[in-house]
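# Breakdown of the fold
Letter by letter, the chains look like this.
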Amino acid sequence: MLMEEKKKMQSVAFRNFDEFLGYLPENQLAIVEKLREIVLECIPGAEEYLSFNIPCYRKNKSICFIWPGAVAWGSKTWEGVEFGFSYGNLLADTAGYLDRGNRKQVYTRRYFRPEDIHEDLLRAYLLEAAEIDDMQASVKRKTKKSR
C-alpha cells in the first residue's frame, strides 16, 4: 500500500510507541497497557511494532494486534479496544470468545474496561496462536530443505 493511501485512511501517524500511547484517552490506555503486558508475557521474543498506527506482534508471521478505538480507520472510530488474532481462523475457539464478524481469517474481541479481559482465556489463545506460528514456520523450513 502506498504511503499516500495509508495517510488517507488514517488521520494520525505515530513515529514511536511513546507517541502512540500519549495519543490514547486514559480509559483506552489502561486496556492497551494490560493487553500489551499479557501478550509480551505469553509470547517471549515477540517483536512489537506499529503497523497502521497500532501495536502488532509477530515471531515468524503476524500473530496479533491491539486496536484502540481512538485510532481511526478512515473516519471510523469506536469505544473500547479491539484485540485481534491475525490467524484467528486457526484457533480452536471452542468457548466462542472471539468475534468472527464476516471475516474469514482475523478474529477479534473488544474490551471496554481492563476488568473485561478474561486473562486466563486470552493467555490460552495467545499460547495457542504462538504455537501455531511456530509450527507453520517449522513446516515452511522443512519444505524449503526438501526442495
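Overview of the structure. Every value quoted in this text rests on a predicted model; they were computed, and no experiment measured them. (Residues numbered from 1 in each chain as written. Predicted model: local features only at pLDDT ≥ 70, side-chain atom pairs only at ≥ 80, totals over all residues. Heavy atoms only, no water.)

This part takes up the pairing of strand β2 (residues 54–58). A large share of β2 lies buried, amounting to four of its five residues. Adjacent in sequence and paired antiparallel, strand β1 (residues 47–51) and β2 are bridged by two residues, among which Phe-52 carries a positive phi angle near 55°. Bridging between β2 and strand β3 (residues 62–68) involves three bridges; their strand directions are antiparallel. What sits directly across from Tyr-57, in β3, is Cys-64. Two successive antiparallel strands, β2 and β3, enclose a turn made up of three residues. (Buried < 20%, exposed > 50% of the residue type's maximum accessible area, 1.4 Å probe, protein only. Helix = DSSP H or I, 4+ residues; strand = E, 2+ residues; numbered from the N terminus. Pairing = 2+ DSSP bridges.)

A few words now on the sheet that holds strand β4 (residues 81–85). Within the open sheet, the five strands sit side by side as β1-β2-β3-β4-β5. Their pairing is antiparallel. Both edges of this open sheet fall to β1 and β5 (107–111), since each of them pairs with a single strand only. On average, each strand axis in the sheet is tilted by 20° relative to the strand beside it, whichever way the strands run. Summarising the sheet, β3 and β4 pair through five bridges and their orientation is antiparallel. (Axes fitted to C-alpha atoms, helices over the stretch in contact; angles between N-to-C directions.)

Let us now look at helix α3 (residues 26–42). In a regular helix each residue adds 1.5 Å, so 17 residues correspond to 24 Å; α3 covers 25 Å between its end C-alpha atoms and thus fits that length. Those residues of α3 that sit buried are Gln-28, Ile-31, Val-32, Leu-35, Arg-36, Ile-38, Val-39 and Cys-42. What you see down the axis of α3 is that its buried residues fit within an arc of 165°, all on one side. (Expected span 1.5 Å × (residues − 1). Arc of directions from axis to C-beta.)

Under the counting rule described, the total for this entry stands at zero disulfides. The thiol of Cys-42 is unpaired, and the distance to the nearest cysteine sulfur, on Cys-64, comes to 9.4 Å. Residue Cys-42 is classed as buried on the basis of its relative accessible area of 9%. (Disulfide = S-S within 2.5 Å.)

We now examine the packing of aromatic side chains. One pass over the full model with this rule turns up nine aromatic pairs. Measuring from centroid to centroid gives 5.6 Å for Phe-14 and Phe-20, while their planes differ by 80°, and the two rings are edge-to-face. A cation sits over an aromatic face here: Arg-58 above Tyr-49, 3.9 Å from the ring centre. Between the NZ or CZ atom of Arg-109 and the centre of the ring of Tyr-97, over which it lies, the distance is 4.0 Å. (Phe/Tyr/Trp six-rings, centres within 6.5 Å; stacked < 30°, edge-to-face > 60°. Lys NZ or Arg CZ within 6 Å of the ring centre and 35° of its normal.)

For the structure on display, the rule yields 12 salt bridges. Across the salt bridge formed by Arg-113 and Asp-116, the nearest N and O atoms sit 2.9 Å from each other. Arg-123 is the partner of Glu-119 in a salt bridge, and the nearest nitrogen-oxygen pair spans 3.1 Å. Of this pair, Glu-119 and Arg-123 both sit in helix α4 (residues 119–145), separated by four residues, roughly a single helical turn. Glu-119 sits in the partly exposed class, given a relative accessible area of 26%. Each of Lys-34, Glu-37, Glu-41, Glu-119 and Arg-123 takes part in one network of salt bridges that share partners. (Salt bridge = Lys/Arg side-chain N within 4 Å of Asp/Glu carboxyl O.)

That is the geometry; function is a separate question.
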